[in-house]
Amino acid sequence: MLHLDYSFLTWPVIQSFVAKGLIFSVQLTLVATIGGIILGTLLAMMRLSGKPWLAVPAAAYVDTLRSIPLLMVILWFFLLIPKLLGPLGGQTSAFITFTLFEATYFSEIMRAGIQSVSRGQVNAGYAMGMTYSQTMKLVVLPQAFRNMLPVLLTQTVILFQDTSLVYAVGEYDLLKGFEVAGKNFNRPVETYLVVAVVYFVICYSLSYLVRQLQKKIAIIR
Amino acid sequence: MSWDWQFYCNDTATGEAVAGCFGPGGKEQTYLQWMLHAWGWTLSVSLLALLLALVVGSLIGIIRTAPNKWLARFGEAWTELFRNIPLLVQVFLWYHVIPSLFPVLREALSSTVLIVFALGFFTSARIGEQVKAGINTLPRGQRYAGLAVGMTLPQTYRFVLLPMAFRIVIPPLTSESMNIVKNSAVAFAVSIPELLQFALQASEETSHFEEIFIPVTLLYFVSAFAINRVAKFVEAQVRIPGTSGAK
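Cut-offs and rules
Throughout, residues of each chain are indexed from 1 in the direction in which the sequence is written. Here every chain gets a letter starting at A, and every ligand a number starting at 1, in the order they are written. Local features in this predicted model are restricted to residues of pLDDT 70 or higher, and side-chain atom pairs are both shown and tallied only at a pLDDT of 80 or more, whereas totals for entire chains, interfaces and linings draw on every residue. Each helix is a run of DSSP H or I of at least 4 residues and each strand a run of E of at least 2, with the numbering of both proceeding from the N terminus. Here exposure depends only on C-beta density: within 10 Å of a residue's C-beta, 20 or more other C-beta atoms make it buried, 12 or fewer make it exposed, and intermediate numbers make it partly exposed, the C-beta atoms being placed from the backbone. C-beta atoms are placed from the backbone for every residue, and two residues are taken to be in contact when these atoms lie within 7 Å. One less than the residue count of a helix, multiplied by 1.5 Å, gives the span that helix is expected to have. Here the arc refers to the set of directions running from the helix axis out to each C-beta atom. Here a nonpolar core is just a set of buried residues of the types Ala, Val, Leu, Ile, Met, Phe, Trp, Tyr and Cys, joined wherever their C-beta atoms sit within 7 Å. Fitted lines through C-alpha atoms give the axes, limited to the stretch in contact for helices. The angle between two N-to-C directions lies from 0 to 180 degrees. Each angle is binned into one of four classes, with values under 35 degrees roughly parallel, values over 145 roughly antiparallel, values of 65 to 115 roughly perpendicular, and all other values oblique. Here a crossing is taken to be left-handed if its near helix is turned anticlockwise relative to the far helix by less than a right angle, and right-handed if that turn runs clockwise. In the scheme used here, Gly and all other residues not listed as nonpolar or charged are polar, with Ala, Val, Leu, Ile, Met, Phe, Trp, Tyr, Cys and Pro taken as nonpolar and Asp, Glu, Lys and Arg as charged. Residue-level confidence of the predictor, termed pLDDT, takes values from 0 up to 100.

Our next topic: the overall build of chain A. Counting its secondary structure elements, chain A contains eight helices and zero strands. Walking chain A from its N terminus toward its C terminus, one meets helices and strands in the order α-α-α-α-α-α-α-α. Along the three orthogonal principal directions, the C-alpha set of chain A runs to about 70 × 50 × 30 Å. Looking at chain A as a whole, 35% of its 221 residues qualify as buried.

Have a look at this one:
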């Protein structure tokens, strides 16, 4: 059995190596969640619009990105973004990539959410003299968000785990932060164990909160 | 932009063109052969991991619905453990941590086996969740009916619950199976010679990024789609007319 020594993980080490990575991972998760939900909702509305010139491109975009490994998507975007938009730096590229990719997953959730709102609600909106956009904004989307909130948040937990894949393009995230610390002190085994525990604690607590929220929403409805 | 596909026929060591694009003896001598070889790695790792994930995931799903509280708790703990750690971190755990903690395994297990375990156990948690949900959608009466006609609990599972539950969960299992192919790309991080590893190394050697990443992306797409077709075929074959499992 190997002797494990965690003494190198002092507060200054965590501050100088890990904190920066954690901040980026959290930032990336927040940006991609907010951006992804907005873009995903638009994509879902395009797919459900019944107009082929809106629905077909949206479906093609969602289905294509969903059938490619996220790692491939990251590498493609890190190649294409500098060519199309000029040099933006790794962090901005990561924000754009994850927003565009996660939007496809959020769009499928929002599509289910919008479809979960009964047809009568839409008709009621029209009967009141509302336009399509008013019906969506005031009647359908608030209910869709509410119905899908637990699923959206679960997807956010998955998204937080997915951010570790920026490893492939060398961005400095939570995983990388620990890895650099572990390499400096030549303690890779302990580091990977600690990384796993940290991710587990964060993701487990978040999914626990989501389950509590789900129970709460289920009672009200 | 101008694309150049000629390099696929070049020797990976010397960079010179090989006649007919395939070197002698079936070795991976040209870039084309290297890519096909890498595709083989992706497919074998994915299929082995899928097999492991289906077996372990089914067991976990079953024990989570079992009356024994401790078995059910073990199933829950398993699911939470493998669901809440990013796959990449799990790959590093299997590859770097487990062989160091148990030196016996260092000799016994190749890196391929470790990556199959990583991918298989990661997916088993998700499949277990689906199988559990599938069993729970069946009316309680089915379980009681099985027990009432004198079957033991394992017999009830074998002959009454599982045949229906598995049919119900085929669609979500299909998408998990496609996810395995996509997720197998993380194996590049521990230098398994699979598609993404090929793409990164070959594009560095040749500087033909698009010409390498387009076919590789398509190969991932085709592999996942092939699994989708096989699963749809199985779904159609085992469909029971007039049940909730059938369309």
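Further remarks concern the overall build of chain B. Along the backbone of chain B there are nine helices and zero strands. Written out in order from the N terminus, the α and β elements of chain B read α-α-α-α-α-α-α-α-α. Considered along the principal axes of its C-alpha atoms, chain B spans approximately 75 × 50 × 35 Å. Burial analysis of chain B (247 residues in total) assigns 37% to the buried set. Within chain B, contacts between residues at least 6 apart in sequence are counted, and of these 67% link residues at least 24 apart.

Our next topic: the interface of chain B and chain A. On the chain A side, the residues contacting the 23 residues of chain B number 26 residues. Elements represented by at least two residues in the side of chain B that touches chain A include exactly α3 (87-101) and α9 (209-238) of chain B. Looking at which element gives the most residues to the side of chain B that touches chain A, the answer is α3 of chain B, with eight residues.

The next thing to look at is helix α2 (residues 69-83) of chain B. Residue and element names in this part refer to chain B. With 15 residues, α2 should reach 21 Å at 1.5 Å per residue; the first-to-last C-alpha distance of 21 Å fits that figure. Looking only at α2, the buried set comprises G75, W78, T79 and F82. With its buried residues spanning 95° around the axis, α2 presents them on a single face. Away from its buried face, by an angle of more than 90 degrees, α2 presents the exposed residues K69, W70, R73 and A77.

Attention now goes to the environment of V198 of chain A. Its location among the elements puts V198 of chain A in helix α8 (residues 188-220). Here V198 of chain A falls in the partly exposed class, since 17 other C-beta atoms lie within 10 Å of it.

Soluble globular proteins tend to bury their nonpolar side chains together. Judged by nonpolar contacts, the single largest core of 88 residues is most densely connected at L71 of chain A together with L88, V91, I115 and A118 of chain B. With sequence-adjacent residues up to four places away left out, L71 of chain A is seen in contact with L165 and A168 of chain A together with A185, V186 and L196 of chain B. In this structure, I37, L43, M45 and F106 of chain A belong to the second largest nonpolar core, which totals 16 residues.

Another aspect to go through is the packing of helix α1 (residues 11-47) of chain A against helix α6 (residues 132-162) of chain A. Residues and elements named next belong to chain A. Here α1 crosses α6 at 140°, and the two axes come no closer than 11 Å. The pairing of α1 with α6 is recorded here as oblique in orientation. The handedness of the crossing between α1 and α6 comes out as right-handed. Across the interface between the two elements, S25, T29, A32, T33, I37 and M45 from α1 touch M136, L152, T156, L159 and F160 from α6. Grouping the constituent residues of the contact of α1 with α6 by class yields seven nonpolar, four polar and no charged.

Turning next to the packing of α1 of chain A against helix α4 (residues 90-116) of chain A. How two helices pack is summed up by the angle between their axes together with the distance between the axes. All names here are of chain A. Their axes nearest at 5 Å, the elements α1 and α4 cross at an angle of 45°. One element, α1, and the other, α4, form an angle in the oblique class. When the axes of α1 and α4 are compared, the crossing they make is right-handed. Counted by class, the contact of α1 with α4 contains 15 nonpolar, seven polar and three charged residues.

What follows concerns the confidence of the model for chain B. All names here are of chain B. Per-residue confidence for chain B gives a mean pLDDT of 88, with 95% of residues at or over 70. Mean pLDDT per element in chain B: helix α4 (residues 103-108) is the minimum at 78, and α2 is the maximum at 94. If you check the scores for this complex, the pTM reads 0.89 and the ipTM reads 0.89.

Once that is clear, we can look at the environment of G141 of chain B. Take G141 of chain B: it is sitting in helix α6 (residues 140-148). Between the alpha carbons of G141 of chain B and S223 of chain B there is a distance of 41 Å; along the sequence they are 82 residues apart.

Attention now moves to the environment of T206 of chain B. In this fold, T206 of chain B is placed in helix α8 (residues 195-206). Sequence separation of T206 of chain B and V97 of chain B is 109 residues, and the distance between their C-alpha atoms is 34 Å.

Looking now at unusual backbone geometry. Positive phi, close to 55°, is recorded for N186 of chain A, a residue that is not glycine. Counting through the fold element by element, N186 of chain A comes out in the loop between α7 (174-184) and α8. Phi at S191 of chain B is positive, roughly 60°, even though this residue is not glycine. With respect to the secondary-structure elements, S191 of chain B resides in the loop between α7 (153-183) and α8.

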